[in-house]
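Chain by chain, the residues run as shown.
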Amino acid sequence: MLSLAGAGAVVAQNAQPAQTTQPAQTPAQAPAQSNNQPAQGGAQPAQNTQPVADGKAQPAPNGQQPAGDAARPAQNAAAPTQDAAQANDATIAADAGQSQTAEQLATAGKELKRLKELVGKASDDDIALAELKVQVDAVAKQIISTSIATRPRLDEIKARLTELGDPPGEGQPPEADIVTAERKRLLAERGEINALTGEAESLSIQATKLSNGITATRRALFSNTLLKNTDVSFEMFDEAFSATINETHVLSRSTMSWLTFVWNYKRIPLLTAIFLSICAAMVFLVGSNKLFSPYIHHDKSDEEPSYFRRLSVAFWSTFIPTISMAAFALSSFFFMHSFNVLRSDITPIIAIALAVLVVGFFVTTLANAVLSPSDSRWRLVRVSDRGANVLLITIFAMALVNGLDYTFGGISEAMGSPVVLTVVKSFVASVVIGLIIIASAWIKPTLKKDEPFDAPGRPWPRIVSIGLVLTGASLIIAAATGYVGLSRFIATQIIITGAILVMMYIGFLTGKAVSRQGAFAETAAGRFLERRYKLEQVGLDQVGLVAGLSIYALVALFFIPLILLQWGFQVADIESWTYRAVTEIKIGTITISLMGILAGILFFILGYIVTRWVQRWIDGNVMARSRVDAGVRNSIRTGIGYVGVGLAGLIGVSAAGIDLSNLALVAGALSLGVGFGLQNIVSNFVSGLILLVERPFKVGDWIVSGTTEGFVKRISVRATEIETFQHQSIMMPNSLLINASVGNWTHRNKLGRSEIAVTVTYASDPRRIMDLLAEIAGAHPMVLKNPSPSVGFTAFGEDRMTFELRIYVADVLTGGGVRNDLRVAIYERFRDEGIGAPFPLKIEDVPVEDQTGIESHEPETVGEPKGAASAEARAAASKKEAASAAPLDEENEEEGGKRRASSRRSNPNR
């Protein structure tokens with residue numbers, strides 16, 4: 001709080017500088033200088049441009065210049081008349097800007113002088129001083145902003161002077177007149193800006209001294225109010241008694257005259273104000289009771305309410321009715337004041353009475369909620385029933401005495417009574433409150449752990465009893481020794497600040513209980529959210545955490561200002577601190593604005609929502625109607641997302657007031673760490689961007705990389721998701737896909753070739769086999785005619801010939817089904833034609849082919865039996881195969897031919 005020690009020294013140190021300031025003299029001279037000097041500097045370039053006739057520069061007087069050194073002056077001298085006009089326009093604009101700055105500084109100087117005079121007149125009014133300090137701080141901010149506004153122009157002048165360079169020295173060729181004139185003009189303008197900056201700094205120093213002087217004066221006022229000593233004597237009480245009699249007569253006469261006047265001349269406004277006040281009471285009190293009934297009333301059916309439930313009811317049953325009572329008091333005062341029912345001498349009495357009523361209601365309601373004397377089940381502290389009732393009466397008595405003290409003090413101030421009457425009233429109130437506190441030390445409210453609430457109770461612990469006695473005695477001693485203001489202040493803080501602290505403690509405990517894991521699901525709000533939005537336990541815990549933090553913020557934002565007001569601060573102080581807290585928090589040279597950060601977050605969220613909407617709109621309307629490929633749609637959608645989120649982030653950072661140039665140093669320091677520790681992440685990120693731009697594969701493509709083969713499901717900035725044919729998802733880092741070879745079956749189109757290997761014995765006619773295979777392939781509807789199927793005689797085996805049927809399909813993903821159909825067709829056709837070897841000599845275990853289209857390059861034998869039950873048939877076939885493959889005798893060639901023909905007739909499946 002405000003420091004009490006050494007306040008007089010602070011005032012003495014700051015008073016003299018505040019009186020010697022003369023802020024209105026120098027700014028008055030500044031406009032004249034800023035209007036004269038730039039005009040002289042700006043006229044010279046216009047005169048120097050007259051010798052330029054047709055856009056060509058006049059030669060130098062000596063006529064001789066080195067080629068290298070003469071280039072720049074000649075170029076500058078060749079400036080056309082239009083450049084001179086632009087220079088004049090810039091000079092006029094600069095003069096106007098400097099004149100405006102000088103006027104602003106002059107106005108600020110006059111305002112500081114006026115505020116200084118007001119501070120001198122209100123040296124005894126703390127409220128007026130607090131408001132004046134806010135105005136002084138506002139003027140100081142205006143002066144600083146005015147000074148900062150000249151910096152961009154000063155930077156431009158410095159940059160231009162750097163471009164022009166230094167004037168030529170002795171022995172060097174002279175420069176063009178227009179360059180010399182421009183340099184002089186810029187130097188004069190720079191001098192004027194420096195003078196204005198110096199004037200702004202001087203005014204800023206004066207404003208700071210005045211603000212510090214106000215703070216020191218307020219500290220001195222506060223300390224004098226508390227530490228002022230009054231001579232307590234019988235004469236003081238005698239004078240106070242006489243003043244009380246006079247005040248009673250004046251009060252009764254003023255009240256009766258006011259009521260008579262209002263009833264005779266303002267009866268309708270009075271009745272209207274009363275009616276509207278009653279309506280406001282119905283709205284605030286009855287309405288809050290109806291809306292928040294579960295939170296402010298005890299549930300009689302709940303035999304054992306939980307600790308969280310007791311905390312919640314105690315907090316809300318105090319907070320909500322108090323807010324309603326305060327709103328009712330404010331609305332009643334507003335209606336009576338708006339209808340001109342109140343008189344100037346009655347207005348402060350009504351205001352203080354309503355304020356005391358609200359404070360007393362708050363303290364009593366809080367004590368009743370914590371102690372709950374009528375229902376021990378909802379009691380927050382473990383005290384006996386009798387002890388709870390006695391403590392409630394004690395707290396109510398102290399609040400009543402303190403409230404009457406402030407009410408009577410307000411009446412004395414409104415009636416213009418002597419100060420001694422207020423001192424005596426505060427003296428009596430402090431002594432009575434001290435006696436009540438001392439008497440409360442002999443209350444026996446405590447209970448043991450196993451004792452019931454209706455037990456007689458035990459005394460306070462010794463340390464509590466001693467503390468109560470010392471507190472009450474200190475109030476009485478302070479009042480008796482003449483420090484009535486200090487005693488009254490301590491008594492008020494014990495009652496009001498103590499109640500506020502208890503309320504804050506209950507609020508924090510309530511927030512802690514709400515945010516505890518699993519607690520929010522047991523509340524009525526949690527059950528409603530679970531039933532309405534089907535939230536699970538994790539979601540309810542997250543909502544509970546947000547609710548707990550919200551309760552913390554509500555308690556802090558509402559009750560901390562009340563404590564500050566109780567300790568001598570004014571509303572203007574709190575407003576000023578709040579404004580500074582949300583607009584500028586300085587950490588070294590960095591200024592952070594909470595409002596800016598909040599605005600930045602809101603802008604980022606808005607940009608993120610807009611980005612997602614644009615993504616969905618383009619994907620669902622533009623690309624869907626255009627029949628764009630799914631992979632292209634994914635790349636466009638992902639790119640829009642990256643660009644949109646990036647722009648939203650930049651807009652949010654800029655709206656937060658964070659200068660991105662200030663992050664350059666941090667980025668440079670982090671670059672080394674990125675190069676070493678995050679190089680893989682950065683590599684994958686860049687690789688992801690390359691994949692999205694180059695699109696070597698897209699979502700839905702069938703790719704092969706190393707031992708990984710499958711379909712691309714998602715491409716992100718770090719990894720690519722590949723789903724194998726066994727439906728296993730593999731997250732492959734993007735850098736591997738960039739650096740390694742990747743096969744893509746569906747890169748440009750889905751056209752693909754499939755091969756089917758067929759083996760037959762040497763007894764078959766190769767040309768006939770090739771014709772049959774081509775015919776079978778051409779008859780299939782899914783085999784493309786262009787490119788047409790082809791058949792190749794690929795190899796001679798020991799026992800068989802190998803042929804390969806090559807076909808093309810429009811969708812390589814359907815190749816497995818097409819090959820399966822062709823194999824069945826080949827088998828059936830060869831069986832009908834009597835071609836092939838149904839029982840080959842060698843049976844090979846060929847792996848089963850995947851239906852997704854993986855090609856098997858193992859030779860196939862038409863008509864191979866698959867079951868184990870044909871073992872005898874395979875043995876017989878082997879003998880026949882050997883017989884058919886035996887060399888024929890040259891002499892019995894004809895007989896051998898007959899024998900082979902007979903063999904084919906006896907076995908048509910060959």
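Because the structure is predicted, anything quoted here is derived from the model rather than measured.

Our focus in this paragraph is the sheet that holds strand 3 (residues 702-705). Pairing is antiparallel in the open sheet, where five strands are placed in the order 6-5-4-3-7. Because the sheet does not close on itself, it has two edges, and the strands there are strand 6 (729-733) and strand 7 (743-744). Two elements, strand 3 and strand 7, share two bridges in a ladder whose sense is antiparallel. Bridge pairing in strand 7 links V704 to G743.

Below, the discussion takes up the pattern of salt bridges. Within the structure shown, the criterion is met by 25 salt bridges. Notably, a salt bridge pairs E721 with R714, separated by 3.7 Å at the nearest N-O pair. Note that R806 and E804 form a salt bridge whose closest N and O atoms lie 2.9 Å from each other. Residues joined in a network through salt bridges with shared partners are R153, E156, R185 and E189.

This part covers unusual backbone geometry. Geometrically, the link from N786 to P787 is a cis peptide bond, its omega value of 5 degrees lying close to zero. Within the fold, P787 resides in the loop between helix 25 (766-779) and strand 9 (790-796). Its identity is not glycine, yet N340 carries a phi of approximately 55 degrees, on the positive side. Inspection of the secondary structure assignment puts N340 in the loop between helix 11 (307-338) and helix 12 (347-371). Within the chain, S372 stands out as a residue other than glycine whose phi angle is a positive 45 degrees. Locating S372 in the fold gives a position in the loop between helix 12 and helix 13 (385-415). A relative accessible area of 2% means that S372 is categorised as buried.

What tends to happen in soluble globular proteins is that the nonpolar side chains get buried as a cluster. Core analysis: the largest hydrophobic core is formed by 40 residues, its most contacted members being F362, I433, I506 and F559. Mapped onto this core, the elements with two or more residues apiece are helix 11, helix 12, helix 13, helix 14 (419-440), helix 16 (484-515) and helix 18 (537-566). One finds L115, L129, V139 and I214 within the second-largest nonpolar core, a separate group that totals 21 residues.

Moving on to the packing of aromatic side chains. Under the definition given, this model contains 19 aromatic pairs. Centre to centre, the rings of W702 and F725 are 5.7 Å apart; their planes meet at 85 degrees, and the pair counts as edge-to-face. You can see W702 sitting in strand 3 and its partner F725 sitting in the loop between strand 5 (719-724) and strand 6, a full 23 residues away along the chain. Here the two residues W702 and F725 agree in accessibility, since each one is buried. Consider the rings of Y762 and F796, whose centres lie 6.5 Å apart with planes at 0 degrees: the pair is stacked. Here Y762, found in the loop between strand 8 (752-761) and helix 25, pairs with F796, found in strand 9; they are 34 residues apart in sequence, far enough to count as distant.

Bringing the side chain of E721 into the picture now. Summarising the element assignment, E721 is placed in strand 5. Here S729 takes part through its side chain, which lies 3.4 Å from a polar atom of the side chain of E721. With near-sequence residues (within four places) excluded, E721 lies in contact with F711, V712, K713, R714, S729, I730 and M731.

A grouping of D124, D125, E131 and E575 is seen on the molecular surface, where their side chains present a negatively charged patch. Tracing the backbone shows E131 in helix 5 (residues 126-149).

On to the packing of helix 25 against helix 26 (residues 815-833), then. With their axes 10 Å apart at the nearest point, helix 25 and helix 26 run at an angle of 135 degrees to one another. When the axes of helix 25 and helix 26 are compared, the pair comes out oblique. In this structure, the crossing between helix 25 and helix 26 has a hand that is right-handed. For the pair formed by helix 25 and helix 26, the contact residues are R768, I769, L772, L773, E775, I776 and A777 on the first element and L822, A825, I826, R829, F830 and E833 on the second. Of the residues belonging to the contact of helix 25 with helix 26, the class tally is nine nonpolar, no polar and four charged.

Criteria and cut-off values
Residues numbered from 1 in each chain as written. Predicted model: local features only at pLDDT ≥ 70, side-chain atom pairs only at ≥ 80, totals over all residues. Heavy atoms only, no water. Pairing = 2+ DSSP bridges. Helix = DSSP H or I, 4+ residues; strand = E, 2+ residues; numbered from the N terminus. Salt bridge = Lys/Arg side-chain N within 4 Å of Asp/Glu carboxyl O. Buried < 20%, exposed > 50% of the residue type's maximum accessible area, 1.4 Å probe, protein only. Core = buried A, V, L, I, M, F, W, Y, C linked by side-chain atoms within 4.5 Å. Phe/Tyr/Trp six-rings, centres within 6.5 Å; stacked < 30°, edge-to-face > 60°. Polar contact = N/O pair within 3.5 Å; in protein donor to acceptor, adjacent residues only side chain to side chain. Contact = heavy atoms within 4.5 Å. Patch = residues over 30% accessible without salt bridge, like charges linked within 9 Å, V, L, I, M, F, W, Y side chains within 5 Å. Areas by Shrake-Rupley, 256 points an atom, 1.4 Å probe, with all protein chains shown as cover. Lys, Arg positive; Asp, Glu negative; His and termini not counted. Charge placed at Lys NZ, Arg CZ, Asp CG, Glu CD. Axes fitted to C-alpha atoms, helices over the stretch in contact; angles between N-to-C directions. Parallel < 35°, antiparallel > 145°, perpendicular 65-115°, else oblique. Left-handed = near helix turned anticlockwise from the far one by under 90°. Nonpolar A, V, L, I, M, F, W, Y, C, P; charged D, E, K, R; others polar.

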